[in-house]
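Here are the chains, one letter per residue:
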Amino acid sequence: MSDNYIEMLEPTPKLYSKKCKFISFLLKLFLQFTTPLSSLAAWYLYDYFIAMLTLVLSFIVMGIVRSKLRNSVIPPAQREYHYNDKGIADWYTAKELCYETH
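All values reported here derive from a predicted model rather than from experimental measurement.

Participant: Teacher, can you tell me more about the state of the cysteines here?
Facilitator: For the structure on display, the rule yields one disulfide. Across the disulfide from Cys 20 sits Cys 98; the S-S distance is 2.1 Å. Between Cys 20 and Cys 98 the sulfur-sulfur dihedral comes to about -115 degrees; the bridge is accordingly left-handed. Placement of the pair is Cys 20 in helix H1 (residues 18-45) and Cys 98 in the segment after helix H3 (85-97), with a sequence separation of 78 residues. In this structure, Cys 20 and Cys 98 share a single accessibility class: buried.

Participant: Even after reading the chapter, I still don't get the packing of helix H2 (residues 48-73) against H3, so can you show me in this structure?
Facilitator: Each packed pair of helices is defined by two parameters, the angle between the axes and the distance between the axes. Running from N to C, H2 and H3 cross one another at 50 degrees; their axes reach a closest spacing of 9 Å. Between H2 and H3, the angle is such that the two are oblique. Helix-helix and strand crossings are classified by hand; for H2 and H3 the assignment is left-handed. Only Asp 85, Ile 88, Trp 91, Tyr 92, Lys 95 and Glu 96 of H3 make contact with H2, whose side of the interface consists of Arg 66, Leu 69, Arg 70, Ser 72 and Val 73. A per-class count over the contact of H2 with H3 returns five nonpolar, one polar and five charged.

Participant: So what exactly am I meant to see when it comes to the nonpolar core here?
Facilitator: In summary, soluble globular proteins display a tendency toward joint burial of nonpolar side chains. Among the nonpolar cores identified, the biggest contains ten residues, and these are Leu 27, Leu 31, Met 62, Leu 69, Val 73, Ile 74, Tyr 83, Ile 88, Ala 89 and Trp 91. Sorting the residues of this core by element identifies H1, H2 and H3 as the ones contributing at least two each. Not counting residues up to four positions away in its chain, the partners in contact with Val 73 are Trp 91, Tyr 92, Lys 95 and Glu 96.

Participant: Looking at this structure, how should I read H2?
Facilitator: Side chains of residues three or four places apart in an α-helix project in the same direction, reflecting 3.6 residues per turn. The terminal C-alpha atoms of H2 lie 37 Å apart, and with 26 residues this matches the ideal 38 Å at 1.5 Å per residue to within 8%. Among the residues of H2, those classed as buried are Ala 51, Ser 58, Met 62, Leu 69, Arg 70 and Val 73. Residues of H2 that are buried in the fold lie against H1 and H3.

Participant: Looking at this structure, I do not really get the packing of aromatic side chains. What am I missing?
Facilitator: Two aromatic rings are characterised by how far apart their centres lie and by the angle between their planes. For the structure shown, the criterion picks out one aromatic pair. On the basis of an interplanar angle of 85 degrees and a centroid distance of 6.3 Å, the ring pair of Tyr 83 and Trp 91 is categorised as edge-to-face. Comparing Tyr 83 with Trp 91, the two get one shared label, buried.

What counts, and where the lines are drawn
Residues numbered from 1 in each chain as written. Predicted model: local features only at pLDDT ≥ 70, side-chain atom pairs only at ≥ 80, totals over all residues. Heavy atoms only, no water. Disulfide = S-S within 2.5 Å. Helix = DSSP H or I, 4+ residues; strand = E, 2+ residues; numbered from the N terminus. Buried < 20%, exposed > 50% of the residue type's maximum accessible area, 1.4 Å probe, protein only. Axes fitted to C-alpha atoms, helices over the stretch in contact; angles between N-to-C directions. Parallel < 35°, antiparallel > 145°, perpendicular 65-115°, else oblique. Left-handed = near helix turned anticlockwise from the far one by under 90°. Contact = heavy atoms within 4.5 Å. Nonpolar A, V, L, I, M, F, W, Y, C, P; charged D, E, K, R; others polar. Core = buried A, V, L, I, M, F, W, Y, C linked by side-chain atoms within 4.5 Å. Expected span 1.5 Å × (residues − 1). Phe/Tyr/Trp six-rings, centres within 6.5 Å; stacked < 30°, edge-to-face > 60°.

Shown next, in the form of structure tokens:
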């Protein structure tokens, strides 16, 4: 039997106050919807060719932003796990923006 797994050091932080939950929710919305909204805005304001270029560029930029947020707060031993936008937003809000102890 193979023991090739990474031990979980810390679970994803739980946010308790409404302010921290709201900040995490806004960060999650930013990470999820910036790419399609920017390309739709470019399509509305300019044309579909500029919208496609905006889609590709914003996809690359948001990938960099997502990885920077993820790597700045998640412990190094746990970085090989997959985290969705909500998980990244919860980690970042708990570690950098809200210091709650329960």
